[in-house]
Amino acid sequence: MRSGKLEKILILGATGNVGSKVFKRIEDEKYNVVGTTSKIDKTGEKIQLLNVEDDKRLLEYIRNCDIVINCIGPSYKYKNKIIDISNRLDKGYIDIFGGQILEKSLKNARRNVSIINAGYEPGVMSIILKKFSNFFSDPDISINLFSGGNEFGGYAAFSDIILSTINGYNKSDYYIKNGVVTRANSEGISNTKRGKVIEPNYRLYLTKEMEKFAEKYNVPNLYSYKQVYDVIDNLILETCIMLFKLKEIDNPDNIILESYEKMYNISFIDEFHIKAELLKQGELIDKIELKIKNTSSLISILVMIILEKMLRGEIPNGGYWAFEIVNYDELINKLNIINDNTRIYL
């Protein structure tokens, strides 16, 4: 791989919520970048029209670049197609959405670097938890992880939530205790701040990816809470039930899009937070909290860290999860330098 800014970087989905932030951040650094979009009205000098379901054209685009950054999503729709092409052509690969479903493709990255799950869960969130890595071997410690906010994500992220949920990606009301996935007796904990039109709650919500992180680093006790709004949660549940009943349907996009448009009308302030607490026998001994205007900007910073490490040749050929190659200090230092509407509380 050539070093520096001669590398040609291809960003798939460069006009979406996440992709547009990633594209701008990389373009601002004067890298040789080209993006693709499925929307003809969003094309331009460096943004070209591409339907990723056109395998022949997709193959041509990937063959003519050095590094692929996949911001398309949803992983459960396109499966392993894009990462498998990149691995076969020995191209560097960074996936924003892909998690467990892409893991089996990592073993095929032998002459290239492939990185999955460079999004916020568990990408950013698990890297935040690495602040406590010196304590992971202590069976008496536990971690409380809170995330959520009023952020309104893009269609790709919403679609991925729906498709991954009906495929068993997450487990509501589960946590990790003594290294074992355990079901809770109650659904979650209520937020004490009341009086809003849409009242949020925190619910235990364990994803397959967070399970992977806990297994990788031997985290003994992990309680991951996601902030949910009943009206949005019910909308997601209703959509999942509808698709499950119609599981033979060839194209679920219309149903998902209808629900997404409904959610658009009930969403409000853009802000997202991540709070992690380290406890020993119930006593708080360390914590960190991040508040950011939106996760797309935060994800673009993580992608930039990974891309720079890849271009400097710091990552040996092979397949990785994002949390395996970025440490806590790297992420926090980058956030402090960029100061991209991010507030950090230690």
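Note that this is a predicted model, so its numbers are computed, not measured.

Next up on the list: the overall build of the protein chain. Along the backbone of the protein chain there are 13 helices and 17 strands. Expressed as a percentage of the 346 residues in the protein chain, the buried residues total 53%.

This part takes up the pattern of salt bridges. Close approach of charged atoms allows side chains of opposite charge to pair. Enumeration over the complete set of coordinates arrives at 13 salt bridges. The shortest N-O distance in the salt bridge between D55 and K81 comes to 2.9 Å. One end of the pair, D55, is in helix 2 (residues 55–63); the other, K81, is in helix 4 (residues 81–88), and 26 residues separate them in sequence. Residue class for D55 comes out partly exposed when judged on its relative accessible area of 44%. Its salt-bridge partner being E314, residue R312 comes within 2.5 Å of it at the nearest N-O pair. Given a relative accessible area of 42%, E314 falls into the partly exposed group. Salt bridges here are not isolated pairs; linked through shared partners, they connect K309, R312, E314 and E330.

Looking now at the pairing of strand 6 (residues 113–116). Neither face of strand 6 is left uncovered, since the one carrying V113 and I115 and the one carrying S114 and I116 both have all their residues buried. As paired elements, strand 6 and strand 16 (residues 318–321) share 4 bridges and run parallel to each other. Of the residues in strand 16, the one forming a bridge with I116 is W321.

Next up on the list: the packing of aromatic side chains. By the definition in use, this model includes 7 aromatic pairs. Each ring, one from Y175 and one from Y223, has its centre 4.7 Å from the other, and the planes form 20°; the classification is stacked. Here the residue Y175 occupies a position in strand 9 (residues 174–177), and Y223 occupies one in strand 13 (residues 222–229), the gap between them amounting to 48 residues. Of the two residues examined, Y175 and Y223, each falls in the buried class. Measuring from ring centre to ring centre gives 5.3 Å for F213 and F323, while their planes differ by 85°; the resulting arrangement is edge-to-face.

The next subject is unusual backbone geometry. Even without being glycine, K30 reaches a positive phi, approximately 65°. Relative to the helices and strands, K30 is located in the loop between helix 1 (17–28) and strand 2 (32–37). Of note in the backbone geometry, N117 takes a positive phi value of approximately 60° without being a glycine. Examined against the element boundaries, N117 turns out to sit in the loop between strand 6 and helix 6 (120–129).

Looking now at the environment of I127. Tracing the backbone through its elements, the reader meets I127 in helix 6. The residues touching I127, leaving out its near neighbours within four places in the chain, are P122, L302, A322, F323, V326, N327, Y328 and L331.

Because each turn of an α-helix spans 3.6 residues, side chains separated by three or four positions in sequence point in the same direction. Within helix 2, burial applies to L58, Y61 and I62. Burial along helix 2 is one-sided: seen end-on, the buried residues are contained in an arc of 95°.

Next up on the list: a positive patch on the surface. Judged by side-chain charge, K79, K104, K107 and R110 come together as a positively charged surface patch. Positionally, K104 belongs in helix 5 (residues 103–106).

Our focus in this paragraph is the sheet that holds strand 3 (residues 47–49). The strand order 3-2-1-4-5-6-16 describes an open sheet built from 7 strands, whose pairing is parallel. Of all strands in the sheet, those with a lone pairing partner are strand 3 and strand 16, marking the two edges. Mean inter-strand twist for the sheet, computed between neighbouring axes without regard to direction, equals 20°. Bridge count for strand 2 against strand 3 is 3 bridges, and the pairing is parallel. Its bridge partner lying in strand 3, T36 is registered against Q48.

Residues of the protein chain with pLDDT of at least 70 account for 76%, and the chain-wide mean is 82. Confidence drops under pLDDT 50 across residues 187–199; counting only partners more than four residues distant or on other chains, this segment forms 26 contacts.

On to the packing of helix 6 against helix 8 (residues 208–216). Direction vectors running N to C along helix 6 and helix 8 enclose 30°, while the axes themselves pass 9 Å from each other. Taken together, helix 6 and helix 8 sit at an angle that is classed as roughly parallel. For helix 6 against helix 8, the interelement crossing comes out right-handed. Of helix 8, the residues touching helix 6 (which contributes E121, P122, M125, S126 and L129) are E209, M210 and F213. In the contact of helix 6 with helix 8, the residues fall into 5 nonpolar, 1 polar and 2 charged.

A separate point is the pairing of strand 2. Of all 6 residues making up strand 2, 5 are buried, and the element is well covered by its neighbours. As judged from the 5 bridges shared by strand 1 (residues 8–12) and strand 2, these two strands associate in the parallel manner. When the sheet's bridge partners are listed, K8 is paired in strand 2 with N32. Assessed by its sense of winding, the connection that carries the chain from strand 1 through helix 1 to strand 2 is right-handed.

Reading the values: the criteria
Residues numbered from 1 in each chain as written. Predicted model: local features only at pLDDT ≥ 70, side-chain atom pairs only at ≥ 80, totals over all residues. Heavy atoms only, no water. Helix = DSSP H or I, 4+ residues; strand = E, 2+ residues; numbered from the N terminus. Buried < 20%, exposed > 50% of the residue type's maximum accessible area, 1.4 Å probe, protein only. Salt bridge = Lys/Arg side-chain N within 4 Å of Asp/Glu carboxyl O. Pairing = 2+ DSSP bridges. Phe/Tyr/Trp six-rings, centres within 6.5 Å; stacked < 30°, edge-to-face > 60°. Contact = heavy atoms within 4.5 Å. Arc of directions from axis to C-beta. Patch = residues over 30% accessible without salt bridge, like charges linked within 9 Å, V, L, I, M, F, W, Y side chains within 5 Å. Areas by Shrake-Rupley, 256 points an atom, 1.4 Å probe, with all protein chains shown as cover. Lys, Arg positive; Asp, Glu negative; His and termini not counted. Charge placed at Lys NZ, Arg CZ, Asp CG, Glu CD. Axes fitted to C-alpha atoms, helices over the stretch in contact; angles between N-to-C directions. pLDDT = per-residue confidence, 0-100. Parallel < 35°, antiparallel > 145°, perpendicular 65-115°, else oblique. Left-handed = near helix turned anticlockwise from the far one by under 90°. Nonpolar A, V, L, I, M, F, W, Y, C, P; charged D, E, K, R; others polar. Right-handed = clockwise from strand over helix to strand, strands pointing away.

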